[in-house]
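A look at the structure
Chain by chain, the residues run as shown.
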Amino acid sequence: MKQRRDWTVDAVVGVVAGGVVGAIIAVNFIITIGIGYDVSIPDVFRDNVVSCIVTVAILIAGPVLGVWLMRRARRKREARQ
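Numbers given to residues run from 1 along each chain, matching the order in which its sequence is written. Where totals are concerned, whole chains, interfaces and linings use all residues; where local detail is concerned, this predicted model gives features only for residues with pLDDT of at least 70, and gives and counts side-chain atom pairs only at 80 or more. Each side-chain value is derived from all of the structure's non-hydrogen atoms; neither hydrogens nor water enter the calculation.

1. Quick word on the overall build of the protein chain
- In DSSP terms, a helix is any run of H or I states spanning at least four residues, a strand is any run of E spanning at least two, and both are numbered starting from the N terminus. From N to C terminus, the protein chain includes 3 helices and 0 strands.
- Shown N-terminal to C-terminal, the secondary structure of the protein chain runs as helices and strands in the order α-α-α.
- For this measure, only C-alpha atoms enter the radius of gyration; the expected value for a globule follows 2.2 Å times N^0.38, where N is the number of residues. Computed over its C-alpha atoms, the radius of gyration of the protein chain comes to 16 Å, more than 25% above the 12 Å expected for a compact globule of 81 residues.
- Overall, the C-alpha framework of the protein chain stretches about 50 × 20 × 20 Å when taken along its three principal axes.

Spelled out as structure tokens, the structure:
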């Protein structure tokens, strides 16, 4: 039961933290390439398809990497004990 709870906590924290970091990186990417900061995904798609694909990839990768990093940190912590 403890293992399931640990995985759930890691998943929730990883998704939230990774999502926030991914969103910040995606917005900075959109600003850097010159599309603007007050645009939506469809606006980015209309302006440049490649930049939209990269932006969506960043938005998806953020939570995935967040969960992966949380699980990795827990495994390292448990290995030291």
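2. Here we look at a positive patch on the surface
- Residues enter patches when their relative accessible area tops 30% and they take part in no salt bridge; the joining distance is 9 Å for like charges and 5 Å for the nonpolar side chains Val, Leu, Ile, Met, Phe, Trp and Tyr. We get accessible surface area from the Shrake-Rupley algorithm with a probe of 1.4 Å; when it comes to residues, only the shown protein chains can shield them. For this document, the term salt bridge refers to a Lys or Arg side-chain nitrogen within 4 Å of an Asp or Glu carboxyl oxygen. His is not counted, nor are the chain ends, whereas Lys and Arg count as positive and Asp and Glu as negative. Here the site of a charge means NZ on Lys, CZ on Arg, CG on Asp, or CD on Glu. A contiguous patch of positive charge on the surface is contributed by R72, R75, K76, R77 and R80.
- Its place among the elements puts R72 in helix α3 (residues 49-80).

3. Details of α3
- Expected span of a helix: the number of residues minus one, times 1.5 Å. In this model α3 runs 46 Å from its N-terminal to its C-terminal C-alpha over 32 residues, within 8% of the 46 Å that 1.5 Å per residue would give.
- When a residue's accessible area, from a 1.4 Å probe over protein chains only, is under 20% of the maximum for its type it is buried; when over 50% it is exposed; and in between it is partly exposed. Within the sequence span of α3, burial applies to S51, C52, T55, I58, G62, P63, G66, V67, R71 and R74.
- A contact between two residues is defined here by any heavy atoms of the two lying within 4.5 Å. On its buried face, α3 is in contact with α1 (2-32) and α2 (41-47).
- Taking the backbone nitrogen of V50 as reference, a side-chain oxygen 3.2 Å away marks N48 as the first, capping residue of α3. Definition of a polar contact: a pair of N or O atoms within 3.5 Å, with one able to donate and the other able to accept a hydrogen when the atoms are protein atoms, and with sequence-neighbouring residues admitted only if both atoms are side-chain atoms.

4. Concerning α1
- For α1, with 31 residues, the first-to-last C-alpha span of 44 Å sits near the 45 Å given by 1.5 Å per residue.
- Within the sequence span of α1, burial applies to D6, D10, A11, G14, G18, G22, A26 and I30.
- Its buried side turned inward, α1 meets α2 and α3.
- Among the residues trailing α1, G34 stands out with phi positive, at a value near 95 degrees.

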